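# Architecture at a glance
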Amino acid sequence: MKRVLALLGGRELGVLLAFGGIVAGIWLFAGIAGEVMEGDTQAFDRKVLLAMRHTGDLSPIGPPEMQDAARDMTALGGVTALTLITVVTGGFLFLDGKKHMALFLYGAVVGGTLLSLILKSLFQRPRPDLVPYGAYVSTTSFPSGHSMLSAVTYLTLGALLARSHSRKRLKTYFLLLAALLTFMVGISRVYLGVHWPTDVLAGWTAGATWAIVCWLLARRLQISHTIEADKEQTPE
C-alpha cells in the first residue's frame, strides 16, 4: 500500500480521493433520497427532531439564548448572508490579483444554487409537521437549501482559498472553518424544526459533492493557467 501511495504522489492521490468522494457523494445522496421517498426514514427523522424538543409543549430544548443563537447561525446559511460572503470574498480575490478565480467562485456558487433549486423542485417533500417552526420557511424540504448552499459556498470558498495559499496552517484553517460553519448551519435547521434530519444530511452530501467537483475543476484550470495558480511555497 505504501508503495502504491509513493507511486501516486501527493497531488495524484488527492485527485484520486476527490473522484472517490464524488462517487461516494452521489451514491450516498441517491441512497438517502430513495429511503426518504419510500418513507423508510420517518422513524429516524421523528426521533431526532423530537429529541431536540421538550416533551410537553414541543418547544426547543435549552434557554431562549440558545434559540437566538440557532437563529443567528441559521442566518449564515441564508441567501442574503451567503451572497454577501461570496461577493466580499470574490472582491478580496480581485484585489489580490486573482480575478479569474473570483469569477470561478461566483460561477461555482451560482451553479450550486441552481442545483439546489432543481433538486427541491424534483422531490417536493413537505416540511416537518411535528413541531412549531422557529424560523420562516417558504420552499419545500428536501434537500435542505440552507445546508446544501452552506456546503456549496463555505466548502468551495475554503477549497479555493486553500489553493490560493501555500502555508499548510492556512489551508487547514480555511477548510476546518468551512466545515464547521456548514455543520452548525445544518444542525440549526433541525433544532428550529424547519427540516427533517435527512433533509440536512442530503443537503450536506449534495453540497460537499458539488464543492469537490469545483475543486477538481479549479485545479484543472490552474494547471492550464486559465485561472491563477497556487503561490510559490513559503516557509511556515
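Residues numbered from 1 in each chain as written. Predicted model: local features only at pLDDT ≥ 70, side-chain atom pairs only at ≥ 80, totals over all residues. Heavy atoms only, no water.

### Focus: the pattern of salt bridges
The line we're drawing: Here, a salt bridge means any side-chain nitrogen of Lys or Arg that lies within 4 Å of a carboxyl oxygen of Asp or Glu. Helix and strand definitions follow DSSP, with helices as H or I runs of at least four residues and strands as E runs of at least two, each counted in order from the N terminus. Residue exposure (1.4 Å probe, protein chains only): buried if accessible area is under 20% of the type maximum, exposed if over 50%, otherwise partly exposed.
Within this structure, the stated rule accounts for four salt bridges. Between Arg71 and Asp68 there is a salt bridge, and its shortest N-O distance comes to 3.1 Å. On the criterion of helical spacing, the pair formed by Arg71 and Asp68 is a turn pair, its members being three residues apart in helix H3 (residues 64-75). In this structure Asp68 comes out as partly exposed when scored by relative accessible area, which is 42%. A salt bridge links Arg125 to Asp199, with the shortest nitrogen-to-oxygen separation between them at 2.7 Å. Of this pair, Arg125 sits in the loop between helix H5 (99-123) and helix H6 (145-163) while Asp199 sits in helix H8 (residues 197-223), and the two are 74 residues apart along the sequence. Like Arg125, the residue Asp199 is buried in the burial classification.

### Quick look at the packing of aromatic side chains
Inclusion rule: In summary, the pairing rule links any two rings of Phe, Tyr or Trp, Trp by its six-membered ring, whose centres are within 6.5 Å, and it sorts them by plane angle into stacked for under 30 degrees, edge-to-face for over 60 and tilted for everything else.
Summed over all chains, the structure comprises five aromatic pairs. For the ring pair Phe183 and Trp204, a centre distance of 5.6 Å and an interplane angle of 25° mean the geometry is stacked. Highlighted residues: Phe183 in helix H7 (residues 168-191) and Trp204 in helix H8, separated in sequence by 21 residues. Phe183 gets classed as partly exposed once you look at its relative accessible area, which sits at 41%. Taken together, the ring pairs connect Phe29, Phe123 and Phe142 into an aromatic cluster.

### Notes on the nonpolar core
The criterion, for reference: We define the nonpolar core as a collection of buried residues of types Ala, Val, Leu, Ile, Met, Phe, Trp, Tyr and Cys that are connected through side-chain atoms lying within 4.5 Å of one another. Working rule for contacts: check all heavy atoms of both residues, and any pair within 4.5 Å makes them a contact.
Leu49, Leu130, Val190, Tyr191 and Leu192 are the most contacted members of the largest nonpolar core, which totals 14 residues. Only H7 and H8 provide two or more residues apiece to this core. Each residue touching Leu192, except ones within four places of it in the same chain, is listed here: Arg53, Gln67, Ala70, Arg71, Thr74, Pro132, Tyr133, Gly134 and Ala135. Listed in part, the 13 residues of the second largest apolar core include Met101, Ala102, Leu160 and Phe174.

### Focus: unusual backbone geometry
Excluding glycine, residues mostly have negative phi values, and the peptide bonds linking residues are mostly trans. Following Phe142, the chain continues into Pro143 via a peptide bond in cis, with omega recorded as -10°. Locating Pro143 in the fold gives a position in the loop between H5 and H6. A positive phi angle, near 50°, is found at Gln124, a position not held by glycine.

### Considerations on helix H4 (residues 79-95)
Each α-helix turn comprises 3.6 residues. Residues three or four places apart therefore point the same way. Quick note on the threshold: To estimate how far a helix should reach, multiply one less than its number of residues by 1.5 Å. Note: the arc covers the axis-to-C-beta directions of the helix.
With 17 residues, H4 should reach 24 Å at 1.5 Å per residue; the first-to-last C-alpha distance of 24 Å fits that figure. For H4, every residue scored as buried is listed here: Ala81, Leu82, Thr86, Thr89, Gly90 and Leu93. Relative to the axis of H4, the buried residues are bounded by an arc of 155° and lie together on one face. Across H4 from its buried face, at more than 90 degrees, point the exposed residues Thr80, Leu84, Val88 and Leu95.

### Here's the deal with the confidence of the model for the chain
The predicted coordinates ought not to be read in detail in places where the model reports low pLDDT. Condition: Known as pLDDT, the predictor's per-residue confidence is scaled from 0 to 100.
The pLDDT averaged across the chain works out to 84; a share of 89% of its residues lies at or above 70. Note on residues 3-9: pLDDT is under 50 here. Beyond four places in sequence and across chains, it has three contacts. In the predicted structure, residues 232-236 sits below a pLDDT of 50 and forms nine contacts with residues beyond four places in sequence or in another chain.

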